[in-house]
Amino acid sequence: MNSIRIGQGYDVHQLVADRPLLLGGVNIPFDKGLLGHSDADVLLHAITDALLGAAALGDIGKLYPDDAAVNKDADSRVLLRGAYAAVQAAGWQVVNVDSTVIAQRPKLRPYIDQMRMHIASDLNLSFEAVNIKGKTNEKLGYLGREEAIEAQAIVLLTAV
Ligand SMILES: Nc1ccn([C@@H]2O[C@H](COP(=O)(O)O)[C@@H](O)[C@H]2O)c(=O)n1
Ligand SMILES: C[C@@]1(CO)OP(=O)(O)OP(=O)(O)OC[C@H]1O
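The following paragraphs examine the structure supplied in this document. (Residues numbered from 1 in each chain as written. Chains lettered and ligands numbered in written order. Predicted model: local features only at pLDDT ≥ 70, side-chain atom pairs only at ≥ 80, totals over all residues.)

Residue Pro-106 is bonded to the preceding Arg-105 through a cis peptide linkage, with omega at -10°. Topologically, Pro-106 is positioned in the loop between strand S5 (92–102) and helix H4 (109–122). The backbone phi angle of Asp-18 is positive, close to 60°, even though this residue is not glycine. We note that Ala-40 has phi near 65°; this positive angle belongs to a residue other than glycine. In this fold, Ala-40 is placed in the loop between strand S4 (33–34) and helix H1 (42–54). (Helix = DSSP H or I, 4+ residues; strand = E, 2+ residues; numbered from the N terminus.)

This is how it looks when you write it as structure tokens:
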């Protein structure tokens, strides 16, 4: 029988001055960027957690502690690829990824396809197997005040 597993991931990072805004490995021009121990790519972190969740391998902080010097300013694409290597070693491969980035600004649509290409490449998937949706928070709360960006992701795995 071909076994399947599903996982979900969530992350939020604070928006601050003098940081680059990296989402899905794309450096997006904006007057603020995300604060974190790593490069703070909130979308890649949510996808990484969804992957690890589906394989019951814990979470991103278990693999990459946020108090470890080695993870300081880490490239989240490298973290995603490392997490996927662990998922594959456990006998799984990704079928598809869906995700939502909640950002009041900037408009993400112009950058979505480039993000999809990065994620598809890192997970050895076709472009069509990766979806990313942009949403505002209708100006409500800390997301609406542009104090943070949030991401949610869901991943389907199949046994290899
Ligand atoms: N940061 C964002 C937010 C939204 N979009 C696009 O706009 C559409 C409408 O957003 P609402 O939050 O008003 O529903 C959304 O479906 C996205 O296509 C975006 O590109 N970047
Ligand atoms: C990626 C890690 C590790 O550098 O740090 P952050 O960039 O702070 O990200 P977060 O999603 O808060 O937690 C995971 C961390 O372990």
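With that settled, consider the packing of H1 against helix H3 (residues 76–89). In the contact formed by H1 and H3, the axes pass within 10 Å of each other and the chain directions differ by 5°. Taken together, the axis directions place H1 and H3 in an arrangement best described as roughly parallel. Residues Leu-44, His-45, Ile-47, Thr-48, Leu-51 and Leu-52 of H1 touch H3, and the partners they reach there are Ser-76, Arg-77, Leu-79, Leu-80, Ala-83, Tyr-84 and Val-87. Of the residues that constitute the contact of H1 with H3, the class distribution is nine nonpolar, three polar and one charged. (Axes fitted to C-alpha atoms, helices over the stretch in contact; angles between N-to-C directions. Parallel < 35°, antiparallel > 145°, perpendicular 65-115°, else oblique. Contact = placed C-beta atoms within 7 Å. Nonpolar A, V, L, I, M, F, W, Y, C, P; charged D, E, K, R; others polar.)

This part takes up the site of ligand 2. As a matter of local geometry, ligand 2 sits amid 13 residues, with Gly-36, His-37, Ser-38, Asp-66 and Asn-71 nearest to it. Taken together, the residues that form the shell around ligand 2 break down as five nonpolar, six polar and two charged. (Near = placed C-beta within 6 Å.)

As for its placement among the helices and strands, Met-117 is situated in helix H4. Assessed through the 15 C-beta atoms surrounding it within 10 Å, Met-117 is described here as partly exposed. Linking Met-117 and Leu-34, residues 83 residues apart in sequence, is a C-alpha distance of 21 Å. (Buried ≥ 20, exposed ≤ 12 C-beta atoms within 10 Å, placed from the backbone.)

Summarising the sheet, strand S1 (residues 4–16) and strand S7 (residues 148–159) pair through eleven bridges and their orientation is antiparallel. Residue pairing for S7: Asp-11 is matched across the bridge by Ala-151. Bridge analysis of S5 against S7 gives ten bridges, and the strand direction is antiparallel. Considered in S7, the bridge of Ser-99 is made with Ala-153. (Pairing = 2+ DSSP bridges.)

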